[in-house]
Amino acid sequence: MISRSYAVASRAIVARSSSRPTAAVAAAIPARRLGGDDRATVTVTTSTSSSSSYRAMSSQPKAKKHLVTHEDGVHQNMQLSKSWRSKPLFRRQGDVRFKSGLEASNLLIAEANRRDSHETEFIESVTATMEVLSPLFERNPRYAFAAKQLMEPDRFVQFRVTWVDDAGVTRMNRGFRIQYSSSLGPYEGPLHLGPHINAEMIKALGFDNVFSNALTGYDVGSSVGGSDFQPLNKSENEVQRFCQSYMTELAKYVGPDVDHPTMGIGCAEKEMGYLFGQYKRINTKSTSANVPFMTQTLSHVPGHAVVLFAKEMLKDKSESLMGKRCLILGSGRHARAVAEKLLEYGAVPLTFSDESGHVYEPGGIDEPKLRTISNIKTERGAMLGRYVMSSTTAKFNEPSSIFDVPCDLCFPCGKIKSVDLEAATKLADNGCLAVIEGGHKQVTIEGRQALKSRGVAYGPHIVTLTGANIDNAHGHDLPGDTLEREVRRIYIDVKSAATEFNARGDLFAGGTIVGFLRVANAMLSHGAV
């Protein structure tokens, strides 16, 4: 019910306006909270003393609505009700409430530890995310309740994958698919193959993928899948039999307009081809609205996007990629696409690495040398050490640590958590300007903190790996200028959100906040589902 003071003020204004037969304009008395989460806006009719004063007010430039608050100006408060602070965040052994955003984030982290303490990878992802979201919970407590809901995936499927090897022996692996959130659209996410894949890793990657997919602004949800199958030491027939067995079970949960699996670690063109072939054998529908499902075309867009994000980061430092010495970890298709784009901008790739070690070209890896490395790595199971036989200048495992190579930029595109505290310290000591992740979860939390304390810029994977979504959204027919424009749009959104929440230059914080807000706003509109 509107308070008596507002009612009296409204009658007085109306009385004054009716006494003067001048042109009237609509003016809204600011919204007043009525209790609960209700809001009201009282609209009355007022008169202006002169048309010139009204024109003067109208001519003033209107502040741009902010990406996060959707209100005029940067320092406006979000529309919220105090009732959200009085609601219990958890109701277990008594109501648990919070008084500040930091307290809310700590409660959410404690709840994740209580329920999933054995899943260390997932706990790390939740902890890092909730810590940067605490200012958002402070500004609007309602988002803490959305974060609680988001910590639990929609569904998590684990199944047995049985296949027969070339010796006729029955082999068994574990298959996974986590469909984390479909609030923004159908599920979409990569398939990862390798011995490092397990349930907790899939859950952590699925959680991170929520923010990465939402960050793009496209209508896609988040999912991640894979298996602990190692394709590198298997024959083509064995890989085909595994993929067919894996898809026989996975086909129950994926499909056009439902869940779109994409390429990931260890899952490239051949694996996707085998998977799609089995899916097509089982299902009569394998496409929707002429949009390709489970494309088997190798795209360089994700790797090129990583370099474009690096370009935007250096632009903020009044630097460019020209002449920059670049350390590349990994040698897969993604790492080679990064090197290809770096050469295009005049940078100097120095290294590649794999399970056998690393190769270092002191003078840089040019296009002919890159083609040689690509020819070697295209063969399944081939190790990078073969490259030194075709190069008189290459060094293999010299120095003993790849992080001892002096560089300006580092692009980790290899195994997960390849940049730890020690590696980050070495990079900073060697004068590295930025570390830009070209793979999932390449830098540990301790490494991230070390980079920040030493003033080394950090490009997180939730931002830099959005190239795959950009490529899928444009039907895998993406001109270079369109990719650059989309990368710049995403980068500006991330940077402005980080600045808004007093984390200037922190792309992980900015990317997490923007991605979370887009998902949380959709979730809140759906109700308790």
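Keep in mind that this is a model prediction, so the values were computed, not measured.

Comments concerning the overall build of the protein chain
Part 1 of the reasoning: What the protein chain contains, in helices and strands, is 18 helices and 19 strands.
Part 2 of the reasoning: Here the protein chain holds 529 residues, and the buried ones make up 51% of them.
Part 3 of the reasoning: At a minimum sequence separation of 6, the contacts of the protein chain that also span at least 24 residues come to 69%.
Part 4 of the reasoning: Surface exposure of the protein chain reaches about 24,500 Å², of which carbon and sulfur atoms provide 51%.

Structural notes on the sheet that holds strand 16 (residues 395-396)
Part 1 of the reasoning: Taken in spatial order, the three strands of this open sheet run 14-15-16, and their pairing is antiparallel. Across the chains shown, the open sheet's two edge strands, defined by having one partner strand only, are strand 14 (351-354) and strand 16.

As for the side chain of Gln179
Part 1 of the reasoning: With respect to the helices and strands, Gln179 occurs in strand 6 (residues 170-181).
Part 2 of the reasoning: A polar contact is formed between the side chain of Gln179 and the side chain of Asp259, at a distance of 3.0 Å.

Here we look at empty space enclosed by the protein
Part 1 of the reasoning: Applying the stated rule across the entire model yields three cavities of 30 Å³ or more.
Part 2 of the reasoning: Space inside the largest cavity adds up to approximately 150 Å³.
Part 3 of the reasoning: Along its surface, the largest cavity is lined by 16 residues, and Ser125, Asp208, Lys441, Arg448 and His461 are the ones closest to its centre.
Part 4 of the reasoning: Secondary structure elements with two or more residues in the lining of the largest cavity: helix 5 (120-139), helix 14 (445-453) and helix 15 (461-464).
Part 5 of the reasoning: Here the lining of the largest cavity takes four residues from helix 5, the largest share from any one element.
Part 6 of the reasoning: For the lining of the largest cavity, the class distribution of residues is six nonpolar, four polar and six charged.

Things to note about the pairing of strand 12 (residues 325-329)
Part 1 of the reasoning: For strand 12, a buried count of four out of five residues is recorded, marking the element as mostly surrounded by other parts of the structure.
Part 2 of the reasoning: Where strand 12 and strand 13 (residues 348-349) come together, two bridges link them in parallel fashion. Residue pairing across strands places Cys326 opposite Pro349, the latter belonging to strand 13.
Part 3 of the reasoning: Of the crossover connections in this fold, the one passing from strand 12 over helix 11 (residues 333-344) to the parallel strand 13 is right-handed.

Overview of the pairing of strand 9 (residues 259-262)
Sheet faces and side chains relate simply in a regular strand, where the side chains alternate between the two faces.
Part 1 of the reasoning: Where burial is concerned, the two faces of strand 9 agree: the one with Asp259 and Pro261 and the one with His260 and Thr262 are both buried.
Part 2 of the reasoning: As defined by bridge partners, strand 7 (residues 187-193) adjoins strand 9 across four bridges and the pair is classed as parallel. What sits directly across from Gly189, in strand 9, is Pro261.

Digging into the packing of helix 5 against helix 7 (residues 199-215)
Part 1 of the reasoning: Between helix 5 and helix 7, the shortest axis-to-axis distance is 7 Å and the interhelical angle comes to 25 degrees. Taken together, the axes of helix 5 and helix 7 lie roughly parallel to each other. Each of Thr120, Glu121, Phe122, Ser125, Val126, Thr129 and Met130 in helix 5 lies in contact with helix 7, whose residues at this interface are Glu200, Met201, Lys203, Ala204, Phe207, Asp208 and Phe211.
Part 2 of the reasoning: Of the residues in the contact of helix 5 with helix 7, the class split is seven nonpolar, three polar and four charged.

Here's the deal with the layout of surface pockets
In this approach a probe as big as a water molecule rolls over the atoms, and the regions it shows empty are the leftover space.
Part 1 of the reasoning: By volume, the second largest pocket amounts to about 690 Å³.
Part 2 of the reasoning: Taken together, 25 residues make up the lining of the second largest pocket; nearest its centre are Lys452, Tyr458, Gly505, Asp506 and Leu507.
Part 3 of the reasoning: Elements represented by at least two residues in the lining of the second largest pocket include exactly helix 5, helix 10 (301-316), helix 14, strand 19 (457-459), helix 17 (480-500) and helix 18 (507-526).
Part 4 of the reasoning: A total of five residues in the lining of the second largest pocket trace back to one element, the largest contributor, which is helix 14.
Part 5 of the reasoning: In the lining of the second largest pocket, the residues fall into 12 nonpolar, five polar and eight charged.

Some thoughts on the pattern of salt bridges
Part 1 of the reasoning: Per the counting criterion, the structure on display carries 32 salt bridges.
Part 2 of the reasoning: A salt bridge links Glu312 to Arg488, with the shortest nitrogen-to-oxygen separation between them at 3.6 Å. Placement of Glu312 in helix 10 and of Arg488 in helix 17 is noted, with a sequence separation of 176 residues between them.
Part 3 of the reasoning: The class of Arg488 is partly exposed, set by a relative accessible area of 30%.
Part 4 of the reasoning: Several salt bridges share partner residues, and in doing so they unite Lys311, Glu312, Lys315, Glu484 and Arg488 into one network.

Calculation criteria
Residues numbered from 1 in each chain as written. Predicted model: local features only at pLDDT ≥ 70, side-chain atom pairs only at ≥ 80, totals over all residues. Heavy atoms only, no water. Helix = DSSP H or I, 4+ residues; strand = E, 2+ residues; numbered from the N terminus. Buried < 20%, exposed > 50% of the residue type's maximum accessible area, 1.4 Å probe, protein only. Contact = heavy atoms within 4.5 Å. Areas by Shrake-Rupley, 256 points an atom, 1.4 Å probe, with all protein chains shown as cover. Pairing = 2+ DSSP bridges. Polar contact = N/O pair within 3.5 Å; in protein donor to acceptor, adjacent residues only side chain to side chain. 1 Å grid on protein atoms, 1.4 Å probe; cavity = no way out; pocket = protein on both sides within 12 Å on 5 of 7 lines; lining within 4 Å. Points joined across faces, edges and corners; volume = space filled by probe spheres on them. Nonpolar A, V, L, I, M, F, W, Y, C, P; charged D, E, K, R; others polar. Right-handed = clockwise from strand over helix to strand, strands pointing away. Axes fitted to C-alpha atoms, helices over the stretch in contact; angles between N-to-C directions. Parallel < 35°, antiparallel > 145°, perpendicular 65-115°, else oblique. Salt bridge = Lys/Arg side-chain N within 4 Å of Asp/Glu carboxyl O.

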